[in-house]
Amino acid sequence: MFQIGRSSEAPIDCVVMDTAPGDKILDSIITQSTISRFACRIACDRDVPYRSRVFAAGFDPTRNIFLGEKATKWRDEGIEIDGLTTNGILIMHPKGKFFGGKADPGIWREVSVCGSVYALRESRSAPQKGALVRRRAYYPIRP
């Protein structure tokens, strides 16, 4: 399992930083990041069929799943809590052949904490989730 985010704390395996749009150079420090401190986790199987799964949110230093106070949360079928990160974890599957630069952009989707896929919200920090596109299958995640 790999954890990705803007935090440089120990649980983060890959630190992602904000960039200036286009080729602009910023003279000031970015105070509002569009990348969550604990943005997402990627779980990869080491055995056939070698699946990789993306899950929003991440683990805090005590290895508990963490969502910010402004994050959208809901009870999924009355059993477990699911949610979206404050800034959203967006994925896009290109159309066509990915290798060789012959792919066209696909549709952007958002991934929940439990790995379900949703249509985009009205804005990245909107309090309501988008329409369900694909419900995740149950995969236990171990920190």
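In this text, all values refer to a predicted model and were calculated from it rather than measured experimentally.

Caption draft 1: Quick look at the overall build of the protein chain. Tallying secondary structure elements over the protein chain gives zero helices and 12 strands in all. Relative to its full complement of 143 residues, the protein chain shows a buried share of 33%. For the protein chain, the accessible surface area stands at approximately 10,100 Å², while carbon and sulfur atoms represent 55% of it.

Caption draft 2: Highlighting unusual backbone geometry. Cis peptide bonds are those with omega within 30 degrees of zero, and the linkage from Val 48 to Pro 49 qualifies with 20°. We note that Tyr 50 has phi near 55°; this positive angle belongs to a residue other than glycine. Within the secondary structure layout, Tyr 50 lies in the loop between strand 3 (40–44) and strand 4 (52–56). Overall, Tyr 50 belongs to the exposed group, its relative accessible area being 54%.

Caption draft 3: Summary view of the nonpolar core. Within the largest apolar cluster, six residues are counted, these being Ile 4, Ala 39, Cys 40, Ala 56, Ile 89 and Val 111. Excluding residues within four positions of it along the chain, Val 111 makes contact with Val 54, Phe 55, Ala 56, Leu 84, Ile 89, Ile 91 and Ser 116.

Caption draft 4: Local environment of the side chain of Glu 110. Position of Glu 110 relative to the elements: it lies in strand 10 (residues 108–111). Side chain to side chain, Glu 110 and Arg 121 meet in a polar contact 2.6 Å long. Non-local contacts of Glu 110, meaning those with residues more than four positions away in its chain, are made with Leu 84, Thr 85, Gly 88, Ile 89, Leu 90, Ser 116, Val 117, Tyr 118, Leu 120 and Arg 121.

Caption draft 5: Inspection of the pattern of salt bridges at higher detail. Following the criterion strictly, the structure yields three salt bridges and no others. Linking Asp 45 and Arg 53 is a salt bridge whose minimum nitrogen-to-oxygen distance equals 3.4 Å. Owing to a relative accessible area of 23%, Asp 45 belongs among the partly exposed residues under this scheme. What makes Arg 53 buried here is its relative accessible area of 14%. Note that Glu 110 is salt-bridged to Arg 121, the shortest N-O span being 2.6 Å. Here the residue Glu 110 occupies a position in strand 10, and Arg 121 occupies one in the loop between strand 11 (117–119) and strand 12 (132–134), the gap between them amounting to 11 residues. Both residues of the pair, Glu 110 and Arg 121, count as buried. Through salt bridges with shared partners, a single ionic network connects Asp 45, Arg 51 and Arg 53.

What counts, and at which threshold
Residues numbered from 1 in each chain as written. Predicted model: local features only at pLDDT ≥ 70, side-chain atom pairs only at ≥ 80, totals over all residues. Heavy atoms only, no water. Helix = DSSP H or I, 4+ residues; strand = E, 2+ residues; numbered from the N terminus. Buried < 20%, exposed > 50% of the residue type's maximum accessible area, 1.4 Å probe, protein only. Areas by Shrake-Rupley, 256 points an atom, 1.4 Å probe, with all protein chains shown as cover. Core = buried A, V, L, I, M, F, W, Y, C linked by side-chain atoms within 4.5 Å. Contact = heavy atoms within 4.5 Å. Polar contact = N/O pair within 3.5 Å; in protein donor to acceptor, adjacent residues only side chain to side chain. Salt bridge = Lys/Arg side-chain N within 4 Å of Asp/Glu carboxyl O.

Function-wise, these values are silent; they only describe arrangement.
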